[in-house]
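Close look at the chain arrangement
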Amino acid sequence: MELFGLPVTQLYLIVLVVAGLATVLYLFFGDVADGAGEALPFVNPAVILAFLTFLSAAGFILEKTTGMGSGVILAISAAGAGVLSFLLYFFVLLPLRSAEASTAYTDESLLGEVGRVIVPVPADGFGEVVIETVNGLIPKRAAGYENSEIAYGKEVLILEIEDGALIVKEYEPFRFPDAT
């Protein structure tokens, strides 16, 4: 059977190659097209390219290996591609979108956090504190607020940041008096 003056197997192969090349280009320049996937999830370029790739690959294989009619092969390929694209979207792309994208932090995001002194902070010098975050432990250089000394193992509150060093004060948690 011919379609657009080409044998159907050749048409499937052309669509497969074009969809494969478009997928490679999408890997490199995908940030430009990511806005399209925000409005409707199935307008996501990755889902569309995956659908075309699955459809053309299944159609080519079925045309070469079976004696079924081209319409039946197209229907079977479209159904299989739809199922695989659905699974790709809901079990790969959707979890990746909602995953934590970065382990980066800014110094300003540490303000107000509580850390622990791992190198004592002298009166007119620097020590080191470690801040525990969801991404792990962050060690930072620290100086005492108003040049105060802070001993090893004490909890500190991060008040300011000056020249990359944290300005900390010994942390005194507020405790409610016993009501009994």
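To start, this report covers the structure provided alongside it.

What counts, and where the lines are drawn
Residues numbered from 1 in each chain as written. Predicted model: local features only at pLDDT ≥ 70, side-chain atom pairs only at ≥ 80, totals over all residues. Heavy atoms only, no water. Helix = DSSP H or I, 4+ residues; strand = E, 2+ residues; numbered from the N terminus. Buried < 20%, exposed > 50% of the residue type's maximum accessible area, 1.4 Å probe, protein only. Areas by Shrake-Rupley, 256 points an atom, 1.4 Å probe, with all protein chains shown as cover. Polar contact = N/O pair within 3.5 Å; in protein donor to acceptor, adjacent residues only side chain to side chain. Contact = heavy atoms within 4.5 Å. Pairing = 2+ DSSP bridges.

Secondary structure summary: the chain contains four helices and seven strands in total. Each helix and strand of the chain, placed in order from N terminus to C terminus, yields the pattern β-β-α-α-α-α-β-β-β-β-β. Counting over 180 residues, the chain shows a buried share of 24%. With an accessible surface of roughly 11900 Å², the chain has 65% of that area assigned to carbon and sulfur atoms.

Right, let's talk about the side chain of S56 for a bit. Mapping S56 onto the fold places it in helix α3 (residues 45-65). By relative accessible area, which is 1% here, S56 ends up buried. A distance of 3.4 Å separates a polar side-chain atom of S56 from the backbone nitrogen of L16. A polar contact of 2.8 Å, which involves the side chain of S56, links it to the backbone oxygen of L52. Leave out the neighbours within four places in its chain, and S56 touches Y12, V15 and L16.

This paragraph deals with the pairing of strand β5 (residues 136-144). Here is the key point about a regular strand: its side chains alternate between the two faces of the sheet. Judged from the seven bridges that link them, strand β4 (residues 127-133) and β5 form a sheet pairing that is antiparallel. Across the sheet, the residue bridging to I131 is I138, located in β5. Counted between consecutive antiparallel strands, the loop separating β4 from β5 contains two residues. Of the strand pairs in this sheet, β5 and strand β7 (residues 165-170) are connected by three bridges, and their pairing is parallel. Bridge pairing in β7 places A143 opposite I167.

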